[in-house]
Each structure stands twice: as C-alpha cells, then as structure tokens.
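Residue-level structure breakdown
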Amino acid sequence: MSDFRVLFLALLTLLAAFVAGWCVSVTGVPLGWLVGAMLLTSGASLLGAPVVQPTAALPIVKSAVGTMLGAAIPPGIVGLAAAWWPSLLVMFGLLILGGAINYAGLRRIFSFPPIDALLCSMPGGISEMILLGDQAGADQRRVAIVQALRIALSILIIPLLAGLAFGITVENTAPAERHAMTVADWGWFAACIVAGLVADRWTRIPAALILVPMAVSAALHLGRISAFEVPPEVSVVIQVMIGINVGARFLGVSIRALAGFALSAVAVVAVQIGLALAAATVLSAQSTWDGLALLLAFAPGGLAEMSLIALTMGREVAFVVCHHILRVLFALFAAPALVATLSKRPR
C-alpha cells in the first residue's frame with residue numbers, strides 16, 4: 001500500500017469517526033464523540049473495511065490528555081492523597097477478589113487455559129498483557145480480544161451507569177464559563193505535550209505520555225505560571241482519537257472470533273464493574289466521598305479513558321488518576337510473577 005493511499009485512508013477514517021461521534025453526541029449519550037468514533041471504527045474493523053489508525057498522532061493525543069488532567073489537579077494534592085489510603089486498600093482488594101473470581105470462572109465455565117485465564121482476568125495495560133501472553137505461550141488473539149472488549153465495554157457502560165446509579169450526566173457537570181486561550185497559553189500547552197513525547201522516548205517512566213505532561217501541567221497551574229484551560233474543541237478531537245484507538249484494536253479480528261470470546265469478556269467486565277459499583281456505593285454511603293469518583297477509580301477501564309471520563313464529568317481527576325496508576329502498576333508487577341508460577345505447574 002502506497003504512502004498516499006495510507007494517508008488518504010487515515011484521513012477518511014478520521015472524517016468518518018468525527019461524523020459518527022457527532023451523530024452520537026447530539027443524542028445526549030455521555031461522551032458521545034468518543035463512543036461514536038469507537039463504535040464506527042470497531043464495526044468497520046470487524047467488517048474488514050480499510051480502516052487506518054492515525055498512529056503517528058496517538059502519542060500527541062495521550063500527552064494532551066495528561067496535560068488536561070494536570071490542569072485539573074487541585075491545590076493541596078499531597079494532603080488530599082494522604083487521605084485516600086482507605087479507597088486504595090479497597091481498590092487492591094477488588095483487584096484481587098475480582099481477579100480470583102474471573103480466573104476461576106474462565107477456567108471452569110469457559111475452559112480457558114491457566115495462563116490465558118490469568119491474563120484475561122488482569123485489568124492491566126492491554127499491550128503489556130498481550131506481550132506477556134506471547135512470551136508465556138498463551139493465545140495472543142484470545143487475550144487481545146478480551147482485553148480490548150474490557151476497555152470498550154467499560155467506556156460504554158461506566159458513563160451510563162453513572163447516570164443510573166448517581167444521577168450525573170456529562171452535560172450538567174460541564175463548566176459554565178471558560179477563559180480564552182492566549183498565545184502564551186498555547187505555548188505552555190504545547191510544551192507539556194512535548195515533555196511527554198520526550199519522556200516517552202528517552203526515559204523508562206511508566207505511562208510517561210500521560211504522567212509527565214500531567215506533572216508539568218500541574219506544576220504550571222499550581223505554581224501560577226499559567227492557568228490555561230483546554231478548549232472544548234480540543235477535548236472533542238481527543239475523544240475522537242481515543243475512540244479510533246480503541247476501535248482499531250479489532251483490526252484483523254473476525255466477527256466469528258469476536259463472538260467466540262464475547263461472552264467470556266462480558267462476564268469478566270460484569271464482575272469487575274459489579275464489584276466497583278458495589279464498593280463505590282458502600283463507601284460513598286459511609287463517608288463524604290463522591291460515589292461517581294469512586295466508581296471511576298475502581299472501574300476496569302484504561303488509564304487514559306477513565307481519566308478522560310472523570311475530567312469530562314467534572315469529578316476529582318487526581319483521585320481517579322492516582323487509583324488507576326497504582327492499578328496498572330500492580331497488574332504489571334503481579335502478572336509476570338503469577339505467569340511464572342502457573343508456567344511451573346504441570347499442564
């Protein structure tokens with residue numbers, strides 16, 4: 001395929017995703033731009049359409065997400081973080097309990113091999129779980145499909161569940177007034193993104209594309225060097241690009257293969273979200289913590305996706321981001337050790 005054809009198809013994919021995002025957004029569905037782009041790209045990928053993911057732009061998009069998250073971090077974050085230990089303990093408990101339930105279910109009900117069941121039960125980084133599965137001899141396709149469905153289903157379910165359980169929607173939490181971006185503001189915004197790109201290229205910081213620009217942006221805002229607020233139009237572009245990124249994970253997957261693993265993926269997500277909702281409801285009833293923020297912090301979605309939902313819904317972004325960073329790190333450290341243990345067992 002020529003470079004010109006690839007560029008043309010990438011632009012066509014982007015245009016179609018924007019149209020689909022707009023169509024869903026006008027219906028009032030939470031995160032409609034993201035959901036529409038994801039559904040369009042997923043469907044096109046499964047049908048074998050010539051979808052091209054604009055991979056060159058994705059690092060910039062993730063860095064932009066981190067920059068937006070940093071701008072939303074409140075003053076006194078250190079003192080606030082010290083008070084989060086009860087919910088962090090609950091989160092780790094949910095990871096262990098949910099992982100054990102899903103592992104047993106995938107083994108006994110769906111007859112997954114041990115390593116496949118383990119990696120499909122871990123709500124960690126999707127790329128890392130697939131790579132680890134390849135090294136351990138697991139079915140890469142099975143792990144990839146279940147993990148991709150975990151993120152896609154979380155994006156679809158969590159915003160709707162937030163409205164049903166807590167009566168909160170995107171529209172009634174959006175800020176009423178925004179300050180216009182100056183040239184200097186755009187310069188600081190770009191600097192944060194560049195910092196993320198450089199850190200991802202030259203350091204080994206986990207999730208550097210999100211964490212580094214988030215830290216730089218937070219320092220700028222908390223230090224009162226800049227107070228830029230990213231315009232809604234930029235947020236729309238970011239939602240569409242993340243939707244394409246999630247949907248394009250189904251490229252090369254047949255509808256038959258997806259159907260074969262869909263029920264197991266739904267079961268995994270149902271357990272994870274069910275536990276998250278139960279814990280969030282109980283904790284919010286016993287304390288002053290925000291139930292929706294707890295649900296987003298405990299949800300099994302991806303770091304960028306759940307953080308973006310928290311930002312869009314006006315929740316405590318730092319709280320949600322902290323939980324998801326520790327969740328991913330826990331999964332990345334625990335998974336190799338558990339895989340090594342299972343690999344030593346006789347088949």
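Residues numbered from 1 in each chain as written. Predicted model: local features only at pLDDT ≥ 70, side-chain atom pairs only at ≥ 80, totals over all residues. Heavy atoms only, no water.

A short note on the side chain of Arg142
- On the secondary structure map, Arg142 appears in helix α8 (residues 140-166).
- For Arg142, a relative accessible area of 14% corresponds to the buried category.
- In this structure the side chain of Arg142 is engaged in a polar contact, spanning 2.9 Å, whose partner is the side chain of Asp116. (Helix = DSSP H or I, 4+ residues; strand = E, 2+ residues; numbered from the N terminus. Buried < 20%, exposed > 50% of the residue type's maximum accessible area, 1.4 Å probe, protein only. Polar contact = N/O pair within 3.5 Å; in protein donor to acceptor, adjacent residues only side chain to side chain.)

Some words on the side chain of Thr13
- Residue placement: Thr13 occurs in helix α1 (residues 3-25).
- Those residues within four positions of Thr13 in sequence are excluded, and the remaining contacts are Pro50, Val51, Val52 and Ile244. (Contact = heavy atoms within 4.5 Å.)

Quick word on the pattern of salt bridges
- Per the counting criterion, the structure on display carries two salt bridges.
- Note that Arg142 and Asp116 form a salt bridge whose closest N and O atoms lie 2.9 Å from each other. Of this pair, Arg142 sits in helix α8 while Asp116 is found in helix α6 (residues 114-121), placing the two residues 26 residues apart along the sequence.
- Taking relative accessible area as the criterion, Asp116 reaches 3% and is therefore assigned buried.
- Salt bridges linked by common partners bring Asp116, Asp139 and Arg142 together as one network. (Salt bridge = Lys/Arg side-chain N within 4 Å of Asp/Glu carboxyl O.)

Here's the deal with the packing of aromatic side chains
- In total, this model carries seven aromatic pairs according to the counting rule given.
- Aromatic side chains Phe92 and Phe330 sit 5.5 Å apart centroid to centroid with 50° between the ring planes, which places their arrangement in the tilted category. One end of the pair, Phe92, is in helix α5 (residues 85-108); the other, Phe330, is in helix α15 (residues 317-344), and 238 residues separate them in sequence.
- Since its relative accessible area comes to 30%, Phe330 is described here as partly exposed.
- One aromatic cluster in this structure is built from Phe110, Phe112 and Phe261.
- Here the basic side chain of Arg201 rests over the ring of Trp202, its NZ or CZ set 4.4 Å away from the ring centre. (Phe/Tyr/Trp six-rings, centres within 6.5 Å; stacked < 30°, edge-to-face > 60°. Lys NZ or Arg CZ within 6 Å of the ring centre and 35° of its normal.)

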